[in-house]
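Commentary on secondary and tertiary structure
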Amino acid sequence: MTITQLQYVLAVAEHKNFTLAAEKSFVTQPTLSMQVQKLEDELGVLIFDRSKKPISITEVGKKIVAQAKNIVAEAERIKDIVDQDKGFIGGDYTLGIIPTVMPTLLPMFLNTFIKKYPKVNLIIKEQSTDNLIKNIMDGHLDAGIAATPLEIEFIKERPLYYEPFVGYVPKSHRLSQETELTTDHLDVNDVLLLQDGHCFRDGVINLCKASKNMNGEHFKIESGSFETLISLADEGMGMTLLPYLNTLQLGQQKRESLKPFKNPSPAREISLIYHKSELKIQITEALRDVISSIVRGAITFQDVKIISPLAKN
């Protein structure tokens, strides 16, 4: 049994196809198939049921795949140990970021990080929270940046900053004369929301304390864009809530429609999340230090109340 064989097994388990698994593993399909077959012969069991399309994993195969993930991860830790001992911060590092954070946060830290750590090959992917969690678990992401808490056993959360919610209230709206908002002002039937799948949407619904009232056609907006919500608000369709960093990009005219919340301001917690195995932890810590130091200058709010992104029944 070899680490390479286990890596091939994991590739087949993920793609459910030997040809695609070989392509992703940068080997020929006969080579990969032979190595997987060799491992099955050694163990005396079938890991994959090849009679089905797509290929399925046998019951014993599921247990082998789970253990293979642990073994491959632990093998990779050996290089980590050597890198940490040498003080080396470099190599490939894949980071996922949720869509409501990516446009505002990435331009703030990316240039500083790559200049400070030029040996790190930072690969960035925009993904939903659900996909971040799955890809961290499967080893396709080294870390993610998401709204927390997530309360997932295998994931560690390291808060980066707390980002207040800000109301966007056009002049024609019933709340336009208010200088500050409170949660009592909010009516879920009057707040324009992002589409399903965005954790910021869940946070807003939790803030409105009205998740059980989400049954109207009014909110089926097929857009993940805050710009769209602002445009709809300007057209008299309601108000919306924005993350604080998004408000910094607005022009002067639109900034006049912004309404802060009374303290403690509702806010979302944005964290660096990664697997509890802590692979490449030296890069993770370097990334956290850079982001925290930069964002600290942009967000100075202290008196906040964290609103969970977890959907409430």
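Predicted, not measured: the structure shown is a model, and the values here were computed from it.

1. What about empty space enclosed by the protein?
Scanning the entire structure with this criterion turns up 2 cavities of 30 Å³ or more. Quantified by volume, the largest cavity comes out at close to 40 Å³. In this structure, the largest cavity is lined by L192, L193, L194, F200, R201, V204, F226, L229, T240 and L241. When contributions to the lining of the largest cavity are tallied by element, the ones reaching two or more residues are α7 (199-208), α8 (226-234) and β8 (239-243). It is α7 that provides the largest number of residues to the lining of the largest cavity, a total of 3 residues. Looking at the lining of the largest cavity residue by residue, the classes come out as 8 nonpolar, 1 polar and 1 charged. In this structure, the second largest cavity spans a volume of roughly 30 Å³. Per-element tally for the lining of the second largest cavity: the top contributor is α7, with 3 residues. Considering only residue class, the lining of the second largest cavity consists of 6 nonpolar, 1 polar and 1 charged.

2. Overview of the confidence of the model for the chain
Predicted confidence across the chain gives a mean pLDDT of 87, with 92% of residues reaching 70 or more. The weakest mean pLDDT in the chain belongs to α7 at 76; the strongest belongs to helix α3 (residues 29-43) at 96. In this model residues 210-222 is a low-confidence stretch, pLDDT under 50, and it forms 28 contacts with partners more than four residues away in sequence or in other chains.

Conventions used here
Residues numbered from 1 in each chain as written. Predicted model: local features only at pLDDT ≥ 70, side-chain atom pairs only at ≥ 80, totals over all residues. Heavy atoms only, no water. 1 Å grid on protein atoms, 1.4 Å probe; cavity = no way out; pocket = protein on both sides within 12 Å on 5 of 7 lines; lining within 4 Å. Points joined across faces, edges and corners; volume = space filled by probe spheres on them. Helix = DSSP H or I, 4+ residues; strand = E, 2+ residues; numbered from the N terminus. Nonpolar A, V, L, I, M, F, W, Y, C, P; charged D, E, K, R; others polar. pLDDT = per-residue confidence, 0-100. Contact = heavy atoms within 4.5 Å.

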